[in-house]
Amino acid sequence: PLLKKNITEILPDWNIAPTCHLAETYLHGLIDEAESTSAKLSASEEYPDPSYDESDSSILHNKGGVLILESLKGDFYQTSPLTQSQASQCLTAIARFHATAFEDKEILSVVSDKLCEYGGSYHLKNRNPKELENLEKTWDNFSNELKVAKPELFEKDSVRNLAKRIKALAEDISMELSPAFDDKYATIVHGDYKAMNVFLPGDGDGDGDGNGEEITKTDENEINGHAIIIDYASTGVGMGMSDVAMHVTHALHPVDLINGGEEALVDIYLFSLQEVMPNFTYPKEIAMRHYRLATIDYFRFVLGRLWRGVTLEAFEKRKSSKNAVFVNRNIEAALYFIERADKFLTEIEEENIST
């Protein structure tokens, strides 16, 4: 109710998500309500992963739920990859969502207590610890498989040691991106902000070209497009840039990120945030640091979870899967993601040394 009240105050004519008329579940006995939603930090912790006899389905008898949503009115579509203009609509939508709770201790206290303990599907504490433990081995396998696509990239010392460098800073990066409900810049994050978790307004003609379409802040339809966000399974307290970084990497072709395209998309987000929060200041320097950290954090997840055992054939097989991370189905996007992660990590390392 608190969040809904803020949405109405900020955007009286915009539904942030499909209207939910009924949400009921009965899952008693599957997992204790008091149990942490985060992954255990080490094998020595007291909380074992839930385990079931997969051959015995009796535990699921009389379990389930009901969810009744109102159908969206008008024309909407989903697609991936996105053009810059489509991505700007998505970033405007998520900025408005973040604005409903930005530094609002009353709302974020409830969010922290009732929703995911750590906002974000790729948050380090929500992942299997083995992903981080095996990061260097996964990177060696990935590099050996894909270096044929761009040998000079994988010959760079900084790239050869990329997994080692990320692993060394992973916990610090995660900590900086994990605000408490009463910390500065804290907000409510969606947590899984991929292209296919957004319904874009329109009929989708010419969708998903990823063709370097120019962003213009004067295009009222693109900046203020009423995109609808779905799938809030990983929502919790976090840094808004975690949603932004995931979306930009998940949904766009490199051609739309080069030559200032990436920073222009971040500017669209900041512009949209400022538009509905005129008295709030998110300094660009701090915002960009958060964005770089979040991009590195997302790279840690993609490498540890999605690039295990990867092959060129696997990329080819997934190339038309719109729900898959674009950097996990397009070689050019994967290579550019590596370049971005290396660049951002170098900048963070230099900043850490200077401070």
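This one's a predicted model, so the numbers in the text were calculated from it and none came from an experiment. Sequence positions are assigned chain by chain, starting from 1 and proceeding in written order. For this predicted model, a pLDDT threshold of at least 70 governs which residues receive local features, and a threshold of 80 or more governs which side-chain atom pairs are given and counted, while totals over whole chains, interfaces and linings are taken from all residues. Each side-chain value is worked out from all heavy atoms of the structure, with water and hydrogens disregarded.

Asker: Please explain the overall build of the chain as it appears in this structure.
Answerer: Counting its secondary structure elements, the chain contains 14 helices and seven strands. Per-residue burial over the chain gives 47% buried out of 355 residues. Any two residues whose heavy atoms approach within 4.5 Å at even a single point are treated as in contact. Partitioning the contacts of the chain with sequence separation of at least 6, the portion at a separation of at least 24 is 87%. Each helix is a run of DSSP H or I of at least 4 residues and each strand a run of E of at least 2, with the numbering of both proceeding from the N terminus. Burial classes follow relative accessibility: with a 1.4 Å probe on protein chains only, a residue under 20% of its type's maximum area counts as buried, one over 50% as exposed, and anything between as partly exposed.

Asker: Sorry if this is basic, but what is going on with helix α3 (residues 105-114) here?
Answerer: One turn of the α-helix equals 3.6 residues, which is why residues spaced by three or four share an orientation. Buried within α3 we find Ile 107, Leu 108 and Val 111. Seen along its axis, α3 keeps its buried residues to an arc of 90°; they face one direction. Opposite the packed face of α3, turned more than 90 degrees from it, sit the exposed residues Lys 105, Glu 106, Asp 113 and Lys 114. You can read the cap of α3 off the contacts: a side-chain oxygen lies 3.2 Å from the backbone nitrogen of Glu 106, and it is on Asp 104. Working definition: the arc comes from the directions between the helix axis and the C-beta atoms, pointing outward to the latter. Nitrogen and oxygen atoms within 3.5 Å of one another constitute a polar contact, given that in protein one can donate a hydrogen and the other can accept it, and given that sequence-neighbouring residues count only through two side-chain atoms.

Asker: Even after reading the chapter, I still don't get the packing of helix α5 (residues 135-146) against helix α8 (residues 162-176), so can you show me in this structure?
Answerer: The relative placement of two packed helices is expressed as an angle between their axes plus a distance between the axes. Only the contacting stretch of a helix is used when fitting its axis, a line to C-alpha atoms as for every element, and angles between N-to-C directions run 0 to 180 degrees. Two numbers describe how α5 lies on α8: the axes approach to 8 Å, and their chain directions differ by 155°. On the basis of the axis angle, α5 is roughly antiparallel to α8. The handedness of the crossing between α5 and α8 comes out as right-handed. Here Leu 135, Glu 136 and Trp 139 of α5 lie close against α8, whose contacting residues are Leu 162, Ala 163, Lys 164, Ile 166 and Lys 167. Residue classes follow a fixed rule: Ala, Val, Leu, Ile, Met, Phe, Trp, Tyr, Cys and Pro count as nonpolar, while Asp, Glu, Lys and Arg count as charged, and any other residue, Gly among them, counts as polar. Residue composition of the contact of α5 with α8, by class: five nonpolar, no polar and three charged. Roughly parallel means an angle under 35 degrees; roughly antiparallel means over 145; roughly perpendicular covers 65 to 115; every other angle is labelled oblique. The crossing is said to be left-handed when, going from far helix to near helix, the turn is anticlockwise and less than a right angle, and right-handed when the turn is clockwise.

Asker: Any chance you could explain the environment of Glu 117 here in plain terms?
Answerer: Within the secondary structure, Glu 117 is located in the loop between α3 and α4 (129-133). Under the relative-accessibility criterion, Glu 117 is labelled partly exposed at 39%. For the pair formed by Glu 117 and Val 237, sequence separation is 120 residues and the distance between their alpha carbons is 7.7 Å.

Asker: How should the environment of Val 248 be read in this particular structure?
Answerer: With respect to the secondary-structure elements, Val 248 resides in helix α10 (residues 240-251). Judged by relative accessible area, Val 248 falls into the buried class, the value being 0%. The spatial distance from the C-alpha of Val 248 to the C-alpha of Leu 82 is 9.3 Å, given a sequence separation of 166 residues. Apart from residues lying up to four places away in sequence, Val 248 is in contact with Leu 257, Glu 262, Tyr 291 and Arg 340.

Asker: So what exactly am I meant to see when it comes to the packing of aromatic side chains here?
Answerer: One pair of aromatic rings is described through two measures. These are the centre distance and the angle between the planes. Stacked, tilted and edge-to-face pairs are distinguished by plane angle, under 30 degrees for stacked and over 60 for edge-to-face with tilted covering the rest, among Phe, Tyr and Trp rings (Trp via its six-membered ring) whose centres lie within 6.5 Å. All chains considered together, the criterion is met by 17 aromatic pairs. Consider the rings of Trp 139 and Phe 154, whose centres lie 6.0 Å apart with planes at 35°: the pair is tilted. Within this pair, whereas Trp 139 is found in helix α5, its partner Phe 154 is found in helix α6 (residues 151-154), the two being separated by 15 residues in sequence. Aromatic pair Phe 299 and Phe 337: ring centres 5.0 Å apart, planes at 65°, arrangement edge-to-face. Here the residue Phe 299 occupies a position in helix α12 (residues 284-306), and Phe 337 occupies one in helix α14 (residues 331-354), the gap between them amounting to 38 residues.

Asker: Would you mind going over the nonpolar core with me for this structure?
Answerer: The tendency in soluble globular proteins is for nonpolar side chains to be buried as a group. For this analysis, a nonpolar core means a set of buried residues of the types Ala, Val, Leu, Ile, Met, Phe, Trp, Tyr and Cys, connected via side-chain atoms within 4.5 Å. The biggest cluster of nonpolar side chains holds 90 residues, and the ones touching the most others in it are Trp 139, Tyr 269, Phe 299, Trp 307 and Ile 338. For this core, the element with the most residues is α12, which contributes eleven residues. Excluding its chain neighbours within four sequence positions, the residues that come into contact with Trp 139 are Phe 154, Val 159, Arg 160, Leu 162, Ala 163, Phe 299, Leu 303 and Ile 338.

Asker: When you look at the pattern of salt bridges in this model, what are you seeing that I'm missing?
Answerer: Charged atoms that come close allow side chains of opposite charge to pair. One side-chain nitrogen of Lys or Arg within 4 Å of one carboxyl oxygen of Asp or Glu is enough to make a salt bridge. The tally for this structure, following the rule as stated, stands at 19 salt bridges. Ionic pairing is found between Asp 157 and Arg 160, a salt bridge with its closest N-O pair at 2.1 Å. With Asp 157 and Arg 160 both in helix α7 (residues 157-160) and three residues apart, the pair spans about one turn of that helix. Note that Glu 263 is salt-bridged to Lys 284, the shortest N-O span being 2.9 Å. Of the two residues, Glu 263 is situated in helix α11 (residues 261-276) and Lys 284 in helix α12; the sequence distance between them amounts to 21 residues. Judged by its relative accessible area of 41%, Glu 263 is partly exposed. Taking the relative accessible area as the measure of exposure, Lys 284 reaches 33% and is therefore partly exposed. The network of salt bridges with common partners includes Glu 176, Arg 289, Arg 292, Lys 343, Glu 347 and Glu 351.

Asker: Got a minute to help me understand the sheet that holds strand β5 (residues 198-201) in this structure?
Answerer: Strands pair in a sheet through their backbones, by hydrogen bonds, and they do so in one of two ways: parallel or antiparallel. We call two strands paired when DSSP finds no fewer than two bridges between them. One open sheet accounts for three strands, arranged β3-β5-β6; its pairing is antiparallel. Of all strands in the sheet, those with a lone pairing partner are β3 (76-77) and β6 (228-229), marking the two edges. In this sheet, β5 lies alongside β3 in antiparallel orientation, the contact comprising two bridges. Paired with Tyr 77 across the strands is Leu 200, a residue of β5.

Asker: Which parts of the structure should I look at to understand the confidence of the model for the chain?
Answerer: It should be kept in mind that the predicted coordinates are not to be read in detail where pLDDT is low. The predictor reports its confidence for every residue as pLDDT, a score running from 0 up to 100. Per-residue confidence for the chain gives a mean pLDDT of 86, with 83% of residues at or over 70. Note on residues 41-45: pLDDT under 50 across the span, and three contacts to partners over four residues away in sequence or across chains. Low pLDDT (under 50) marks residues 211-224, which in the prediction has 33 contacts with non-local residues, meaning those over four places away or in another chain.

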